[in-house]
Amino acid sequence: MKMDRKDPATLLDLAMQSLLSTETVIIQSLEEIPRDLFIPLFTAAFLGGHKKTLTAMVKVWPFFCLHIGTLRGHEIHGELLKAIVDGLQVLPAVNSASRSSKLKILDLRHDADCRTTCFQTRTTFPFCLRSCSYSQISAPKREGQHSAVNVVPEVELSSYPTELLVDLSLDGTLRAREFLSLLLSKVEESSGSLHLCCRDLQIDKLSEYKNALKLVDLLCIERLAVDQASLGDITTLLSHMVHLDSLSLSKITLKSLNGKTFKSFLTQLERMKNLQELSLSFFCLTNRLHKLLRVLPPGLDFLNLPFCELSYRDFGFLSQCPQATQLKLLNLSNNPISWEDCEPFQTLMENVSGTLEYLEINHCLITDSTITSLIPALSHCSHLRVLSFASNPITMSMLVRILQNLIPLMELKYVVYPIPVHCYERWYFRGSLDRQKLADVHAQLEMMLQAAQRTDMNLITILE
Ligand SMILES: [Zn+2]
Ligand SMILES: [Zn+2]
């Protein structure tokens, strides 16, 4: 840790600095260091990048869990994570003379609100708020308890399996590859006693990670995001999961919506009873949305369907589905609405108005007449916090009318509005935008907000 901060360093900080300046000495004397000093010393070693000290400290960590959540807010180096993972003892210590590690849960995830170790009392030991409750080999399950709290004598600690908690973002970078191979080698080294617990998994180009993922316990995944994959591979991946809260798929290839693959995808999706958030983009669902909606839990909160080529029929299905009256977030951007009859869209808006907090309908070719039919329902969306309807061919007079109807929505803080058609020489043609006209539009809308004492509402537009 550099001591160049403006606030004076505490005595403890200074003590840590002086200890760390002699890394070899501190590593040798770790066994005599009082338990209470471990956390400040670990923090100082982490911030100062003292890799050897970190490894040595993890090896003799005197607490049940270690969460580096708050420290990850700082710039993180793969080398530091490697040093920490290296210290994790997955097999019983060979040298019984040394102070043995009590560490059973190493949590490498970023979390700003997490203590470095969970509060321990002498009677309840061990205890960790974040321990895994799904895995076959995780401590709570093994003891036949489903709560995170375990009351067992200290002597049994050595028989506990170890958990390594990580969020994985497999984005093809060298850093991601190195981190994954480090984790996988640790799993292999443990010969089954280490549970690699991943609850948040993001993958770019699934085909490149198919083999590596065989070593990850997919049972614990709660959030999955995949960009670029075949629907068949997604279906296989989903078949290993049960507890998904959030699924996000983008650029997924499939041959046909009538085929077997789509059917088995729906079968897997139907198993995800806890699903709260679904995001499908660049996923052609034309006239098939009802099949998808049928297998989704009725309590779904977030539905993102941009670039899904939704049809008039699909809007009809969406407006009538049980999920519609529950949704907090709805994103239908980039689905061109070219039909004259807007009734399904209108019904949809009426049905979501009781719960909706976030609505995105950018790039939908929404005209004055379409939006006119939506205004009554929109003005009932009393929980609405964000409305984005950019890049739609709407006139200035309509924009003014919409804003008048939005002003009474007190929760609404962000409105991303379309640049009205008169600002373009030819609507939505790059280079034909008159910036002065747009500045006048913005000034006029801002004045409306001031007059209505709604300066808490932010008006934003997107220049493309
Ligand atoms: Zn804990
Ligand atoms: Zn787990």
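Residues numbered from 1 in each chain as written. Chains lettered and ligands numbered in written order. Predicted model: local features only at pLDDT ≥ 70, side-chain atom pairs only at ≥ 80, totals over all residues. Heavy atoms only, no water.

What am I meant to see in the overall build of the protein chain here?
When helices and strands are tallied, the protein chain shows 16 helices and 13 strands. A separation of at least 24 residues holds for 72% of the contacts in the protein chain among residues at least 6 apart in sequence. Counting every atom, the protein chain has about 22300 Å² of accessible surface; 53% of that belongs to carbon and sulfur. (Helix = DSSP H or I, 4+ residues; strand = E, 2+ residues; numbered from the N terminus. Contact = heavy atoms within 4.5 Å. Areas by Shrake-Rupley, 256 points an atom, 1.4 Å probe, with all protein chains shown as cover.)

Sorry, what's going on with the coordination of the zinc ion (ligand 1) here?
As a benchmark, a tetrahedral metal site with four donors has ideal angles of 109.5 degrees, while an octahedral site with six donors has ideal angles of 90 or 180 degrees. The coordination sphere of the zinc ion (ligand 1), as far as protein atoms go, consists of Cys-65 (SG), His-67 (NE2), Cys-118 (SG) and Cys-128 (SG), spread over 2.1 to 2.3 Å. Coordination geometry of the zinc ion (ligand 1): the four donor atoms subtend angles of 103 to 117 degrees at the metal centre, consistent with an arrangement described as tetrahedral. When the donors of the zinc ion (ligand 1) are listed by position in the chain, the intervening gaps give C-x1-H-x50-C-x9-C. You can see Cys-65 sitting in strand β1 (residues 65–67) and its partner Cys-128 sitting in the loop between β2 (105–107) and α6 (139–142), a full 63 residues away along the chain. The pair formed by Cys-65 and Cys-128 is uniform in burial state, with each residue classed as buried. (Donors = N, O, S within 2.8 Å, 3.2 Å for Na, K, Ca; no water. Tetrahedral: all angles 85-135°; square planar, octahedral: opposite > 155°, others 65-115°. Buried < 20%, exposed > 50% of the residue type's maximum accessible area, 1.4 Å probe, protein only.)

How do you make sense of the coordination of the zinc ion (ligand 2) when you look at a structure like this?
Around the zinc ion (ligand 2), the protein contributes the donor atoms Cys-132 (SG), His-195 (NE2), Cys-197 (SG) and Cys-220 (SG), at 2.1 to 2.2 Å from the metal centre. Its four donor atoms give the zinc ion (ligand 2) angles of 101 to 115 degrees at the centre, a pattern that matches the tetrahedral case. Positions of the donor residues of the zinc ion (ligand 2), expressed as sequence spacing, correspond to C-x62-H-x1-C-x22-C. In this pair, Cys-132 sits in the loop between β2 and α6 while Cys-220 sits in the loop between α8 (210–213) and β5 (223–230), placing the two residues 88 residues apart along the sequence. Like Cys-220, Cys-132 is buried.

Hey, could you run me through empty space enclosed by the protein in this one?
The gaps left among the atoms become clear once a water-sized probe is rolled over them. Under the criterion given, the structure shown has one cavity of 30 Å³ or more. Put simply, the parts of the chain that give the lining of the largest cavity at least two residues each are α15 (396–406) and β12 (414–417). Here the residues of the lining of the largest cavity sort into nine nonpolar, no polar and no charged. (1 Å grid on protein atoms, 1.4 Å probe; cavity = no way out; pocket = protein on both sides within 12 Å on 5 of 7 lines; lining within 4 Å. Points joined across faces, edges and corners; volume = space filled by probe spheres on them. Nonpolar A, V, L, I, M, F, W, Y, C, P; charged D, E, K, R; others polar.)

Even after reading the chapter, I still don't get the layout of surface pockets, so can you show me in this structure?
By volume, the second largest pocket is sized at about 500 Å³. Residue lining of the second largest pocket: 22 residues in total, with Arg-72, Leu-81, Arg-175, Ala-176 and Phe-179 positioned closest to the centre. Among the elements of the structure, α5 (78–87), β3 (162–170), α7 (174–189) and β4 (194–204) are those that each provide at least two residues to the lining of the second largest pocket. Broken down by element, the lining of the second largest pocket gets its largest block of residues, five residues, from α7. Counted by class, the lining of the second largest pocket contains seven nonpolar, six polar and nine charged residues.

Mind showing me how you'd approach the packing of α5 against α7 here?
How two helices pack is summed up by the angle between their axes together with the distance between the axes. The interhelical angle for the contact between α5 and α7, taken along N-to-C directions, is 0 degrees, at an axis separation of 11 Å. Considering their axes alone, α5 and α7 lie roughly parallel with respect to each other. Together, Leu-81, Lys-82, Val-85 and Asp-86 of α5 and Phe-179, Leu-182 and Lys-186 of α7 make up the contact between the two elements. Classifying every residue of the contact of α5 with α7 by side-chain character gives four nonpolar, no polar and three charged. (Axes fitted to C-alpha atoms, helices over the stretch in contact; angles between N-to-C directions. Parallel < 35°, antiparallel > 145°, perpendicular 65-115°, else oblique.)

Quick question: what am I supposed to make of the pattern of salt bridges here?
Where charged atoms of side chains with opposite charge meet at close range, the side chains can pair. Within this structure, the stated rule accounts for 13 salt bridges. A salt bridge links Asp-86 to Lys-82, with the nearest nitrogen and oxygen atoms 3.2 Å apart. Of the two residues, Asp-86 and Lys-82 both sit in helix α5, four residues apart, roughly one turn of that helix. Between Asp-107 and Arg-109 there is a salt bridge, with the nearest N and O atoms lying 2.9 Å from each other. Here the two residues Asp-107 and Arg-109 agree in accessibility, since each one is buried. Salt bridges here are not isolated pairs; linked through shared partners, they connect Asp-200, Arg-223 and Glu-277. (Salt bridge = Lys/Arg side-chain N within 4 Å of Asp/Glu carboxyl O.)

So what exactly am I meant to see when it comes to helix α10 (residues 260–270) here?
An α-helical turn contains 3.6 residues, so a residue and the one three or four places further along point in the same direction. Every buried residue of α10 is accounted for by Phe-262, Phe-265, Leu-266, Gln-268 and Leu-269. The buried residues of α10 occupy an angular sector of 160 degrees when the element is viewed end-on, so they sit on one face. In α10, the exposed positions angled more than 90 degrees off the buried face are occupied by Lys-260 and Lys-263. In the core, the buried residues of α10 are packed alongside α9 (231–238), β6 (246–253) and α11 (289–295). (Arc of directions from axis to C-beta.)

Sorry, what's going on with the environment of Ser-185 here?
Here Ser-185 lies in helix α7. Given the relative accessible area of 38%, Ser-185 is considered partly exposed. Sequence-wise, Ser-185 and Leu-215 are 30 residues apart; in three dimensions their C-alpha atoms are separated by 9.8 Å.

Where do I start with the packing of aromatic side chains in this structure?
Each aromatic ring pair is characterised by the separation of its centres together with the angle its planes make. Taken as a whole and judged by the stated rule, the model has 10 aromatic pairs. Both rings, one in Phe-38 and one in Trp-61, keep their centres 5.9 Å apart while their planes meet at 80 degrees; by these two values the pair is edge-to-face. Taken together, the positions of Phe-38 in helix α3 (residues 38–48) and Trp-61 in the loop between α4 (51–59) and β1 put the pair 23 residues apart, joining distant regions of the chain. Accessibility expressed as a relative area gives 0% for Phe-38, which makes it buried. Since its relative accessible area comes to 0%, Trp-61 is described here as buried. For the pair Phe-42 and Phe-46, a centre-to-centre distance of 6.5 Å together with 35 degrees between the ring planes defines the contact as tilted. Within this pair, Phe-42 and its partner Phe-46 are both found in helix α3, separated by four residues, close to a single helical turn. (Phe/Tyr/Trp six-rings, centres within 6.5 Å; stacked < 30°, edge-to-face > 60°.)

Could you clarify how one ought to interpret the packing of α9 against α10 in this entry?
Two numbers describe how α9 lies on α10: the axes approach to 9 Å, and their chain directions differ by 25 degrees. The angle between α9 and α10 falls in the class roughly parallel. Here the hand of the crossing between α9 and α10 comes out left-handed. Where α9 approaches α10, its residues Leu-231, Gly-232, Ile-234, Thr-235 and Leu-238 are matched on the opposing element by Thr-261, Phe-262, Ser-264, Phe-265 and Gln-268. Residue classes in the contact of α9 with α10 are distributed as five nonpolar, five polar and no charged. (Left-handed = near helix turned anticlockwise from the far one by under 90°.)

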